[in-house]
2 protein chains.
Amino acid sequence: MIDLKKICKDRGLRMTDQRNIIADTISEASLEGHPDVNQIYLKAFEKDKNISIATVYRTVKLFEEYGAIEKHDFKDGKARYETVTDIHHDHLIDIDSGEVIEFSNDEIEELQMIMAKKLGYNLVDHRLELYGKKIKK
Amino acid sequence: MIDLKKICKDRGLRMTDQRNIIADTISEASLEGHPDVNQIYLKAFEKDKNISIATVYRTVKLFEEYGAIEKHDFKDGKARYETVTDIHHDHLIDIDSGEVIEFSNDEIEELQMIMAKKLGYNLVDHRLELYGKKIKK
DNA sequence: TTACTTGCAAATGCTTTGCGAGCCG
DNA sequence: CGGCTCGCAAAGCATTTGCAAGTAA
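In this convention, every chain numbers its residues from 1, walking through the sequence in written order. As a convention, the first chain written is A and the first ligand written is 1, with the rest following in written order. Totals for whole chains, interfaces and linings use every residue, but because this is a predicted model, local features are given only for residues with pLDDT of at least 70 and side-chain atom pairs only at 80 or more, for both listing and counting. Excluded from the side-chain calculation are hydrogens and water; included are all heavy atoms of the structure.

Caption draft 1: Quick peek at the interface of chain B and chain A. Residues are treated as being in contact if the distance between any of their heavy atoms lies within 4.5 Å. With 35 residues of chain B at the contact, the number on the chain A side is 35 residues. Accessible surface is computed with a 1.4 Å probe, and the buried area is the amount of it that two parts give up when combined, taken over both parts together. Note on chain B versus chain A: buried area summed over both sides is about 3200 Å², and carbon and sulfur give 66% of it. For salt bridges, the criterion is a side-chain nitrogen of Lys or Arg within 4 Å of an Asp or Glu carboxyl oxygen. At the surface where chain B touches chain A, the tally comes to four salt bridges. Whenever a nitrogen or oxygen atom comes within 3.5 Å of another N or O atom, the pair is scored as a polar contact, on the condition that within protein one atom can donate a hydrogen and the other can accept it, and that pairs from neighbouring residues in sequence are kept only if both atoms are in side chains. Applying the counting criterion to the chain B and chain A interface returns 16 residue pairs in polar contact (both at pLDDT 80 or more). Only DSSP runs of H or I covering at least 4 residues are called helices, and only runs of E covering at least 2 are called strands; the numbering of each starts at the N terminus. Mapped onto the side of chain B that touches chain A, the elements with two or more residues apiece are β3 (90-94), β4 (100-103), α5 (106-118) and β5 (121-134) of chain B. Sorting elements by how many residues they give to the side of chain B that touches chain A places β5 of chain B first, with 14 residues. Residues are grouped as follows: nonpolar covers Ala, Val, Leu, Ile, Met, Phe, Trp, Tyr, Cys and Pro; charged covers Asp, Glu, Lys and Arg; every other residue, Gly included, is treated as polar. Of the residues in the side of chain B that touches chain A, the class split is 17 nonpolar, seven polar and 11 charged.

What follows is the structure in structure tokens.
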């Protein structure tokens, strides 16, 4: 499990009880997928009845600013989070189940950069999402 | 200008006054960019004071269902629309000005499809957005 | 003390919807 | 008549924020 708590603490974020619990919750939930705020809130709430959803919103925003988690807006309307990983990756979303699969493809990355340059831009960020249906065998 | 009105009519959508005006507004606005619902509403309202924003929402949804316009959710929180074009393209968004530049790259398209297949999926849809800063000369 | 953090409820911004009235075939 | 369509206001949903109380340094 990625030590989200350590990253935040090392970067100077004051770690309160709520923040520690929320950090743990995200770390755990990240193992299974890309949780949204409500999912994080519900699991954190199980651990500590004193956590409010407002705090979860404030906290994920902080964690994101501190570079400890990443926010994604897939086409389902709500923000989803995951812990940062050392290697960059993109996402394939199963349109039937909502399951998210991570992948990376250097060739595509490279082509994106070249494309941006060709248009007169330096690539700052990008978003690549594939939406697919599972091939039955 | 793309005949959005004709597409809808030909496909069996009853074209009321409001729908015609909204269609014209989108066609015109599409020449300059990717308007959001409020921009469409304001311009349509100038032409006919009787148009409500609820109708604009209902209408863009209809146009989208009828395959006459496309919806995009860039990272600015609100849905933006553009008329459909025969050739597929992706978007580069200028993070300073918000300007949207269209581009297409067959090589990237191809690689996306291969990637999806490799993961066991048929590609149904995708989203590729580049966010960049203009290179100063 | 002084600055940060929190829970609660209210407010926000975008979008959808219920309803009664109007329109068209 | 019967089914769409409309404007309006109210509701929905995810997210943000003001405020007063609580906490930590």
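Caption draft 2: Highlighting the sheet that holds β5 of chain B. Strands are labelled as partners when DSSP assigns at least two bridges between them. On the basis of which strands lie adjacent, the open sheet formed by six strands has the order β4(A)-β3(A)-β5(A)-β5(B)-β3(B)-β4(B) and mixed pairing. Every other strand in the sheet has two partners, leaving β4 (100-103) of chain A together with β4 of chain B as the edge strands with one partner each. Across this sheet, the average inter-strand angle for adjacent strands is 25°, counted without regard to direction. Of the strand pairs in this sheet, strand β5 (residues 121-134) of chain A and β5 of chain B are connected by 13 bridges, and their pairing is antiparallel. By the bridge assignment, G132 of chain A is partnered in β5 of chain B with L123 of chain B. Interaxial angle, 0 to 180 degrees, is taken between N-to-C directions of lines fitted to C-alpha atoms, where a helix line uses only the stretch in contact. Sitting on the sheet, helix α5 (residues 106-118) of chain A touches β3 (90-94) and β5 of chain A together with β3, β4 and β5 of chain B, and the angle it makes with β5 of chain A is about 135°. Most of the contacts of α5 of chain B go to β5 of chain B, to which it runs at about 135°, and overall it touches β3, β4 and β5 of chain A together with β3 and β5 of chain B.

Caption draft 3: Representation of the packing of aromatic side chains within the structure. All names here are of chain A. Any two rings among Phe, Tyr and Trp, with Trp reduced to its six-membered ring, count as a pair given centres within 6.5 Å; such a pair is stacked if its planes are under 30 degrees apart, edge-to-face if over 60, and tilted if neither. Taken as a whole, this structure holds two aromatic pairs over all chains when the rule is applied. With a centroid separation of 5.7 Å and an interplanar angle of 45°, the aromatic rings of Y41 and F45 are classed as tilted. With a gap of four residues between them, Y41 and F45 both fall in helix α3 (residues 37-47), about one helical turn apart. Remark: exposure states derive from per-residue accessible area (1.4 Å probe, protein chains only) relative to the maximum for the residue type, with buried under 20%, exposed over 50%, and partly exposed in between. By relative accessible area, which is 18% here, Y41 ends up buried. What makes F45 partly exposed here is its relative accessible area of 28%. Above the ring of Y131, the side-chain terminus of K75 is found at 4.9 Å from the ring centroid. Two thresholds decide whether a charge sits over a ring: the Lys NZ or Arg CZ must be within 6 Å of the ring centre and within 35 degrees of the ring normal.

Caption draft 4: Quick peek at helix α2 (residues 17-32) of chain A. Residue and element names in this part refer to chain A. To estimate how far a helix should extend, the number of its residues minus one is multiplied by 1.5 Å. If you check α2, its first and last C-alpha atoms are 24 Å apart, about what 16 residues at 1.5 Å a residue would give, namely 22 Å. Burial in α2 covers these residues: I21, I22, A23, T25, I26, S27, A29 and S30. For α2, the secondary structure elements touched by its buried residues are α1 (4-10), α3, α4 (53-65), β1 (69-73) and β2 (79-83).

Caption draft 5: Region of interest: the pairing of β2 of chain A. All names here are of chain A. In terms of burial, β2 is largely enclosed, as five of its five residues are buried. Where β1 and β2 come together, five bridges link them in antiparallel fashion. Counterpart to E70 in the pairing with β2 is E82.

Caption draft 6: Inspection of the protein's contact with DNA strand C at higher detail. Any residue with a heavy atom lying within 4 Å of a molecule or strand is counted as near it. The local shell around DNA strand C holds 17 residues, among which T16, R19, N50 and T55 of chain A together with Y57 of chain B are the closest. The sugar-phosphate backbone supplies 73% of the atoms of DNA strand C found within 4 Å of the protein. Measuring from a phosphate oxygen of DNA strand C, one finds a side-chain N or O atom of S52 of chain A at 3.0 Å. A distance of 3.1 Å separates a phosphate oxygen of DNA strand C from a polar backbone atom of A79 of chain B. Where the surface near DNA strand C is concerned, the elements lending two or more residues are α2 and α4 of chain A together with α4 (53-65) of chain B. Here the element with the most residues in the surface near DNA strand C is α4 of chain B; it accounts for four residues.

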